[in-house]
Amino acid sequence: MSSIADNLLKVKGNLPSDVCLVAVSKFHPLEAVLEAYAAGQRVFGESRPQELAAKQSAVAALHLSEPIRWHFIGHLQTNKLKLVLPYASMVESVDSVELLTAIERWAAAHPGSCRDKVNVLLEIHIATEQSKQGFTPEEASALLTGPALWPHIRFCGLMGMATFTDDKDVIRSDFQKLTSLFAALSPRRGECPNLTEDFREMSFGMSEDYPIAVEMGATMVRIGTAIFGTRSLTASVL
Ligand SMILES: *Cc1c(COP(=O)(O)O)cnc(C)c1O
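Residues numbered from 1 in each chain as written. Predicted model: local features only at pLDDT ≥ 70, side-chain atom pairs only at ≥ 80, totals over all residues. Heavy atoms only, no water.

Asker: Honestly, the packing of aromatic side chains in this entry has me stumped. Any pointers?
Answerer: Pairs of aromatic rings are described using the distance from one ring centre to the other and the angle between the two planes. Applying the stated criterion to the full structure yields three aromatic pairs. Summarising the aromatic geometry, the rings of Phe-175 and Phe-204 are spaced 4.6 Å apart at their centres and angled 50 degrees between planes, so their arrangement reads as tilted. One end of the pair, Phe-175, is in helix H6 (residues 168-185); the other, Phe-204, is in the loop between strand E7 (201-203) and helix H7 (210-215), with 29 residues separating them in the sequence. Using a relative accessible area of 0% as the deciding quantity, one classes Phe-204 as buried. (Phe/Tyr/Trp six-rings, centres within 6.5 Å; stacked < 30°, edge-to-face > 60°. Helix = DSSP H or I, 4+ residues; strand = E, 2+ residues; numbered from the N terminus. Buried < 20%, exposed > 50% of the residue type's maximum accessible area, 1.4 Å probe, protein only.)

Asker: Please clarify how the layout of surface pockets should be interpreted in this entry.
Answerer: If a probe as big as a water molecule is rolled over the atoms, it shows which places are left empty. As a volume, the largest pocket reaches approximately 810 Å³. Forming the boundary of the largest pocket are 30 residues, of which Met-161, Ala-162, Phe-164, Met-206 and Arg-231 lie nearest the centre. Among the secondary structure elements, those contributing two or more residues to the lining of the largest pocket are H6, H7 and strand E8 (220-223). Across the lining of the largest pocket, the residue classes tally to 11 nonpolar, 10 polar and nine charged. (1 Å grid on protein atoms, 1.4 Å probe; cavity = no way out; pocket = protein on both sides within 12 Å on 5 of 7 lines; lining within 4 Å. Points joined across faces, edges and corners; volume = space filled by probe spheres on them. Nonpolar A, V, L, I, M, F, W, Y, C, P; charged D, E, K, R; others polar.)

Asker: Would you mind going over the pairing of strand E4 (residues 88-94) with me for this structure?
Answerer: Side-chain positions along a regular strand alternate between the two faces of the sheet. Within E4, seven of the seven residues are buried, which leaves the element mostly enclosed by the surrounding structure. As paired strands, strand E3 (residues 69-72) and E4 are joined by three bridges and run parallel to one another. Within E4, the residue paired with His-71 across the bridge is Met-90. One ladder, built from two bridges, connects E4 with strand E5 (residues 118-124); its direction is parallel. Bridged to Val-94 within E5 is Leu-122. Crossover handedness for the path E4 to helix H4 (residues 97-109) to E5: right-handed. (Pairing = 2+ DSSP bridges. Right-handed = clockwise from strand over helix to strand, strands pointing away.)

Asker: Teacher, can you tell me more about the site of the ligand here?
Answerer: The ligand sits among Val-24, Lys-26, Ile-73, Met-159, Met-161, Met-206, Ser-207, Arg-222, Ile-223, Gly-224, Thr-225 and Arg-231. Between an oxygen atom of the ligand and a side-chain N or O atom of Ser-207, the distance comes to 2.5 Å. In the model, a nitrogen atom of the ligand is placed 2.9 Å from a nitrogen or oxygen of the Arg-222 side chain. Calculation on the ligand without its partners gives an accessible area of 390 Å², and the protein chains cover 91% of this total. (Near = heavy atom within 4 Å. Polar contact = N/O pair within 3.5 Å; in protein donor to acceptor, adjacent residues only side chain to side chain. Areas by Shrake-Rupley, 256 points an atom, 1.4 Å probe, with all protein chains shown as cover.)

This is how it looks when you write it as structure tokens:
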């Protein structure tokens, strides 16, 4: 079995240097995070609030020379914000106006507990599966070009997950929905209060499909299995 450091090197070798690699460490133990950190990785993705809070607290106690940046990538319930917003440098998975409103309220009410503005990506429903979360391109577009309702939120871009399939054409056409929306919105940066120069990221691509994602212009990929191996859904992570 190859080591996390070897896997990381291999994945990095397939990525242009300007693509941000989010190492998805969900369901993997803290030791796995630290192994990747020792190999140079600084950005990690977690999808469960409790796990993020526990890992970041364990890591904080180690006083690492360079901080880890945690990205939250899972479905976030509005009653779990306190476990995520103080620690996440980005919430990639904002999938509803209700969640956005809750984040805005929480950030306004806890000025010392999180950054001045919460960095978010809007999750776009690009898969053909009904079960996946997210805004439609039309909803996201209306929100981003709409009124300034979110003074504590920085809209940094879009995020999406393709249909779970081996069919590369389906994956491409899913990703295309995200890149088209981004291309339509980008020229309007600076024209709308929610669409500023900060709107730069397209986060798509996972272990199985990231080569396609890179080819299609992803600025950020979220990769777990190809770095850390298969997830054990039962093991304790700390
Ligand atoms: C788990 C997860 C990933 C990583 O998936 P892998 O197939 O293990 O690379 C990426 N994005 C999201 C939103 C996830 O939940």
